[in-house]
Number of protein chains: 2
Amino acid sequence: MQMKEKGDDNVVFIGRKGIMSYVLAVVTQFNNGESNVIIKARGRAISRAVDVAEIVRQRFVQGISTTDIKIDTEEIEGEEGPIKVSAIEITLSKP
Amino acid sequence: MQMKEKGDDNVVFIGRKGIMSYVLAVVTQFNNGESNVIIKARGRAISRAVDVAEIVRQRFVQGISTTDIKIDTEEIEGEEGPIKVSAIEITLSKP
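Residues numbered from 1 in each chain as written. Chains lettered and ligands numbered in written order. Predicted model: local features only at pLDDT ≥ 70, side-chain atom pairs only at ≥ 80, totals over all residues. Heavy atoms only, no water.

## A word on the relation of the copies chain A and chain B
In the superposition of chain A on chain B (RMSD 0.0 Å, axial shift 0.0 Å), the rotation amounts to 180 degrees. These values place the two chain copies in the arrangement generated by a two-fold rotation axis. Residue Ser 47 of chain A, judged by its C-alpha, is the member of chain A lying nearest the rotation axis, at 2.6 Å. Interface residue correspondence from chain A to chain B reaches 100%, placing this contact among same-surface, isologous pairings. (Least-squares fit on C-alpha atoms with pLDDT ≥ 70 in both. Contact = heavy atoms within 4.5 Å.)

Structure representation (C-alpha cells):
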C-alpha cells in the first residue's frame with residue numbers, strides 16, 4: 001500500500017498528546033484549504049485515530065466524510081530488533 | 001451505516017481475550033466455508049481488531065484480503081447515561 005509520509009502537509013500523525021490536539025490539527029488543515037486530510041496511526045494509537053476522525057466528522061467540519069481507510073503492517077525498530085506493528089490511514093474529504 | 005449484529009455467524013467481535021483467540025475464531029469461520037468474515041470492535045479494542053485482521057491476512061489464510069473497512073460512532077449505556085464510542089468493522093474476504 002502506498003502511504004504518504006509524515007512530512008506531508010495534509011497528514012496528521014497520531015501520537016501521545018491529548019486527542020483534541022489532533023482534532024485541532026485536522027480542522028486547521030481543512031481551514032487552510034486542504035480538500036483531503038489523512039490521519040495516520042500505529043499500534044495502540046489506532047483507536048485514537050478513529051476517535052479523531054469521528055470527532056472531526058461529527059462535530060467540527062460540515063459535510064466532511066471518510067473517503068478511504070487502509071490498514072497495513074509496518075516494521076519499526078524495537079530495542080531488540082525490528083518489530084511488526086499494525087497501522088491505519090484514514091482519509092477525510094470535503095465534498 | 002449498516003452494521004451486522006453480533007449474533008451473525010460470520011462476525012467476530014473483539015473483546016478482552018488474548019488476540020490469538022480472535023485470530024482462531026476468524027480462521028475457523030473461513031475453514032467452515034464462509035467467504036467473508038467481519039471483525040467488529042469498539043473503543044480501545046479497535047487497535048486489536050486491526051491486529052487480528054492483519055495477522056489472519058498475513059499468516060493464516062492464503063489469498064485473503066481486506067475488502068471493506070468502516071468506522072462509525074455508537075452510543076452505549078455507561079454508568080452515568082449513554083456515552084459515545086468509536087467503532088470499526090473490517091471485512092476480510094476470500095478471493
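## Observations concerning the interface of chain A and chain B
The partner chain B presents 22 residues to the 22 residues of chain A that form the contact. When chain A packs against chain B, close to 1400 Å² is buried across both sides, 57% of that on carbon and sulfur atoms. Our count for the contact surface shared by chain A and chain B stands at two salt bridges. The closest approach of N and O atoms between Arg 57 of chain B and Asp 72 of chain A, which form a salt bridge, is 3.7 Å. Applying the counting rule to chain A against chain B returns 11 residue pairs in polar contact (both at pLDDT 80 or more). Counting residues per element, the side of chain A that touches chain B draws most heavily on helix α2 (residues 45-60) of chain A, at nine residues. (Buried area = accessible area lost by both parts, 1.4 Å probe. Salt bridge = Lys/Arg side-chain N within 4 Å of Asp/Glu carboxyl O. Polar contact = N/O pair within 3.5 Å; in protein donor to acceptor, adjacent residues only side chain to side chain. Helix = DSSP H or I, 4+ residues; strand = E, 2+ residues; numbered from the N terminus.)

## Some thoughts on the confidence of the model for chain A
Residues with a pLDDT of 70 or more make up 92% of chain A, whose mean pLDDT is 90. Both confidence scores are given for the complex: pTM 0.87, ipTM 0.84. (pLDDT = per-residue confidence, 0-100.)

## Brief notes about helix α1 (residues 19-31) of chain B
Residues and elements named next belong to chain B. Taking 1.5 Å of rise per residue, 13 residues should cover 18 Å, and α1 covers 19 Å from first to last C-alpha, within 8% of that figure. Listed as buried for α1 are Tyr 22, Val 23, Val 26, Val 27, Gln 29 and Phe 30. Buried positions in α1, seen along its axis, are confined to an arc of 155 degrees and lie on one side of it. Exposed residues on α1 whose side chains face more than 90 degrees from its buried face are Leu 24 and Asn 31. Elements that come into contact with the buried residues of α1 comprise β1 (11-13), β2 (36-42), α2 (45-60) and β4 (81-93). Just downstream of α1, Gly 33 is the residue with a positive phi angle, here 105 degrees. (Expected span 1.5 Å × (residues − 1). Buried < 20%, exposed > 50% of the residue type's maximum accessible area, 1.4 Å probe, protein only. Arc of directions from axis to C-beta.)

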